[in-house]
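These are the residues of each chain, in order.
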Amino acid sequence: MTVFPKEDSMNLQPLFAPKSLAVCGVSLTNDNHPANVIYNKNLLRFPVNVYPVNPRGGTIRGEKVYTAIDQIDSDVDLAVIVVRAEHVPEIIKQCIRKKVRGAVVISGGFAEAGRQDLQAQLVEIASRADFPFIGPNCLGIYAPSQVDTFFLPSERMVYPGKGKVAIISQSGGILVDLLVKFAGEGIGLSLAVSIGNKALVKEEQLLQFLAKDPTTSVIAFYIEGFGKNEGRKFVHAARKCKKPVIVMKAGKTTGGQRAVSSHTASLAGDYKVLSDIFAQYGIVEARNEQELLSFCESLSSYPNSSAKKIGIITGSGGHGAMAVDACLGHGLEVPLLPDAEQKSLRDSLSPSIRPIAATDNPIDLTGSAVEDDFAIATSALLDSSEVDCVLVLLLPYLPGISSDLSARISQLAQKTKKPLIAYVPHVERYRMLIEGFEFNKVPVSPSIEGAVLMVEALRRRSSC
Amino acid sequence: MLSKIREILSAAAIHYGWVMEPDAKNILQLAGIDVPVSCWAKTPEEALAFAAKQGYPLAMKVVSPQILHKSDVGGVIVGINTNESLLAGFEKMTRLQGFAGVLIEEMLQGIELIVGAKIDFQFGPVVMLGIGGVSVEIYQDTVIRMAPVARNDVESMVAHLKARTLLEGFRGAKPINLAALTNLMIIFSQLVTDLSDDIESIDLNPVLCNEERCVAADARIILPSSRT
């Protein structure tokens with residue numbers, strides 16, 4: 001018989017902020033066992049009470065090992081289950097009896113290994129009891145300064161700082177990689193969940209949860225595929241969500257589609273359908289990892305802005321030309337500024353660059369510009385009704401500018417509603433300029449193309 | 001209306017797995033979509049009688065449960081202007097596999113669009129608008145939306161076609177009747193939403209659009225393999 005999961009009645013909150021954690025399947029002999037890694041890292045690094053469980057009992061690190069989850073005398077919020085697949089249904093039943101509030105099933109050996117029956121059994125047991133579980137066949141949850149169910153030793157992980165972006169991934173490996181790159185790009189994380197086979201808790205439920213989660217302002221997904229009609233539910237949930245939803249989709253080229261007899265079926269391949277529908281519903285599609293990172297950074301600063309007409313400030317003609325090419329390549333506009341605005345801008349610039357600066361857009365202040373010129377040009381574009389987003393290409397080696405410039409122009413932008421996005425080459429020597437943007441929540445990219453992608457994120461955010 | 005349409009689909013399912021053009025057009029007409037004035041002629045006499053009533057020029061298409069892509073086998077003749085060429089065309093069609101008569105239709109001028117639908121595994125019923133005709137798969141200029149669509153969705157679909165300028169009146173041509181296209185898309189998307197358990201995909205190709213009408217000049221309805 002089919003049991004329809006009542007996902008909406010499940011409370012996911014305890015999964016992500018548990019006060020107590022039971023790790024089922026710790027080994028008494030092998031300290032590298034995934035369950036032991038999870039037990040150790042939570043015991044040592046996270047503010048949760050952790051209980052090891054193994055039917056054989058005994059001790060681990062001097063702590064009592066419980067023979068079953070119902071032998072734990074305190075309440076348990078979250079159970080992490082790392083046992084052989086065929087034992088998982090029984091442990092889920094024990095969790096439900098013990099009134100555990102949710103589980104992460106790390107174990108593989110379910111649908112991905114041909115055991116759809118075993119997976120269906122889990123879903124049936126859990127959904128009858130409104131018992132939420134993540135997985136199976138996943139890494140589970142990393143909630144900064146709360147809990148970490150990834151079976152990777154802490155010293156091997158690169159943890160990004162706490163921030164506003166949540167990532168949900170069908171692949172554990174991709175997720176861990178993204179955390180490394182978030183850390184590298186300085187993108188802050190609110191929650192990371194590897195959902196594996198997503199048997200019960202799927203993208204849609206997590207989206208609904210994160211839509212209301214006050215610590216999250218951008219929701220990013222890595223998706224390989226949806227189940228039957230789940231894509232439809234997902235986009236409906238995304239439309240209701242006020243926060244930006246970014247999706248990186250793998251499997252764009254589907255081989256082995258069955259022979260199609262109509263033009264529509266042949267033209268409307270799986271990826272084309274998904275990509276067009278995401279655009280229809282204002283879901284920001286990231287076509288690769290660089291886009292995903294740029295979009296996360298940009299949308300966490302500007303969750304509700306849109307951008308179509310871009311104003312560009314540069315100290316070098318070449319940078320301006322590269323940025324214009326990139327903008328036009330993305331279908332963004334770089335409009336000419338009206339003569340009156342150009343004249344007023346030129347009249348405000350330093351006398352030394354007044355005759356040589358270009359003011360039409362891009363505004364090329366030339367290598368002789370000083371800080372005031374950048375500030376004046378930024379203000380001019382922030383005030384101009386011709387552009388709705390400002391891109392500043394800052395070349396730190398110009399003699400007339402100091403490390404204070406980035407904070408100064410960031411603060412100009414903060415006084416308006418218009419998004420400002422920056423390019424600065426990322427080397428250690430220019431750290432203060434980069435942080436002047438970062439600390440003021442202005443997205444800053446190490447490449448011109450990356451900076452334009454940050455602008456592009458704002459365009460894709462508006463549904464068409 | 002839907003029960004009548006489902007009856008036609010069920011009859012087709014028993015026999016073929018897809019719906020032959022006269023039945024498909026009948027379904028579209030029931031739903032309120034503009035189709036050409038036509039006649040399913042099984043004999044030369046019926047063909048001549050329709051021509052006498054409708055006048056020339058006319059288009060002729062083979063009706064055969066064994067021919068899905070008619071133009072690939074010479075099963076489409078356009079620009080018929082005389083009784084002689086009508087009869088010659090009819091004679092030629094009788095030699096095609098599975099001949100079950102011909103569909104004779106008024107000739108229409110306009111830009112060739114494709115309007116399609118499929119029941120997508122992940123997203124359910126979706127509709128497609130694109131530049132149509134026999135070269136659709138070469139240009140691949142199409143936009144997809146989840147069905148049903150509203151007026152603003154159709155506007156966005158048109159805006160996202162690379163060849164949208166053709167629709168807006170290119171080099172002195174009159175723009176197409178966008179209201180008629182919008183209306184067609186809205187009705188069509190509702191139809192496929194209602195029929196999402198009954199069909200697998202639909203091609204209306206071409207849909208001929210001019211400054212007055214948007215007409216589904218050909219229609220192919222593929223039924224789900226579970227039904228056949």
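The shown structure was predicted, so the numbers you read here are calculated from the model rather than taken from an experiment.

About the thresholds
- Once a new chain begins, its residue numbering starts again from 1 and follows that chain's sequence as written.
- The naming scheme follows written order: chains are lettered A onward, ligands numbered 1 onward.
- Local features in a predicted model are, by the rule used here, given only for residues with pLDDT of at least 70; side-chain atom pairs are given and counted only at 80 or more, and totals for whole chains, interfaces and linings are based on all residues.
- Side-chain numbers come from the whole structure's heavy atoms, not from hydrogens or water.
- For each domain, the first and last residues come from an automatic or database assignment.
- We call two residues in contact whenever any of their non-hydrogen atoms come within 4.5 Å of each other.
- Take the accessible area each of two parts loses on contact, using a 1.4 Å probe, and add the two losses: that sum is the buried area.
- Within this document, salt bridges are pairs made up of a side-chain nitrogen of Lys or Arg and a carboxyl oxygen of Asp or Glu, the two lying within 4 Å of each other.
- Pairing of N or O atoms within 3.5 Å defines a polar contact, subject to two protein rules: one partner must be a possible hydrogen donor and the other a possible acceptor, and residues neighboring in sequence count only if both atoms are side-chain atoms.
- A run of H or I in DSSP counts as a helix once it spans at least four residues, and a run of E counts as a strand once it spans at least two, with each numbered from the N terminus.
- Each axis is a line fitted through C-alpha atoms, and for a helix only the stretch in contact is used; angles between axes span 0 to 180 degrees, taken between their N-to-C directions.
- Angle categories: roughly parallel below 35 degrees, roughly antiparallel above 145, roughly perpendicular from 65 to 115, and oblique for all the rest.
- Two helices crossing with the near one rotated counterclockwise from the far one by less than a right angle form a left-handed crossing, whereas a clockwise rotation gives a right-handed crossing.
- When residues are sorted by character, Ala, Val, Leu, Ile, Met, Phe, Trp, Tyr, Cys and Pro go into the nonpolar class, Asp, Glu, Lys and Arg into the charged class, and all the rest, Gly among them, into the polar class.
- Here, any two strands with at least 2 DSSP bridges between them count as paired.

Draft legend 1. Focus on the domain arrangement of chain B. All names here are of chain B. On domain assignment, one finds that chain B holds domain 1 (2–30 + 109–227) and domain 2 (38–106). On a C-alpha basis, the centroid separation for the pair domain 1 and domain 2 is 24 Å. Facing the 13 residues of domain 1 at the interface are 14 residues of domain 2. Carbon and sulfur atoms supply 59% of the area buried between domain 1 and domain 2, which totals about 1100 Å² over both sides. Counting across the interface, domain 1 meets domain 2 through five salt bridges. We note a salt bridge from K70 to D218, for which the minimum N-O separation is 3.2 Å. Taken together, the connections running from domain 1 to domain 2 amount to eight residue pairs in polar contact (both at pLDDT 80 or more). Put simply, the parts of the chain that give the side of domain 1 that touches domain 2 at least two residues each are α2 (21–31) and β11 (219–222).

Draft legend 2. Seen up close, the packing of helix α5 (residues 172–185) of chain A against helix α10 (residues 289–301) of chain A. Residues and elements named next belong to chain A. The N-to-C vectors of α5 and α10 enclose an angle of 55°; their axes lie 11 Å apart at closest approach. Here α10 runs oblique to α5, going by the angle between their axes. Considering only the axes of α5 and α10, their crossing is right-handed. Residues D177, L178, K181, F182 and E185 of α5 lie in contact with α10, whose contacting residues are E289, L292, L293, C296 and E297. Looking at the contact of α5 with α10, its residues break down into five nonpolar, no polar and five charged.

Draft legend 3. Molecular detail of the interface of chain A and chain B. Between chain A and chain B, the contact holds 30 residues from the first and 35 residues from the second. For the pair chain A and chain B, the summed buried area comes to about 2700 Å², and 55% of that belongs to carbon and sulfur atoms. Three residues stand out in chain A for area buried against chain B, namely A:R232, A:H263 and A:L267, and they jointly supply 26% of the buried area on that side. The interface formed by chain A and chain B includes zero salt bridges. Linking chain A with chain B are 19 residue pairs in polar contact (both at pLDDT 80 or more), by the criterion used here. Per-element tally for the side of chain A that touches chain B: the top contributor is helix α9 (residues 270–280) of chain A, with eight residues. When its residues are assigned to classes, the side of chain A that touches chain B shows 11 nonpolar, 12 polar and seven charged.

Draft legend 4. The sheet that holds strand β5 (residues 102–106) of chain B, seen in detail. All names here are of chain B. A sheet is described by the order of its strands in space; here four strands give the open sequence β2-β5-β3-β4, paired in antiparallel fashion. Each edge of the open sheet is held by one strand with a lone partner, namely β2 (38–41) and β4 (76–80). Going from strand to strand, the sheet's axes swing by 20° on average, the running direction of each strand aside. Both strand β3 (residues 58–62) and β5 contribute to a ladder of five bridges, which runs antiparallel. Residue K61 lies in a different strand from β5, and its bridge partner there is L103. Of the strands in this sheet, β2, β3 and β5 are in contact with α2, which crosses β5 at around 45°.

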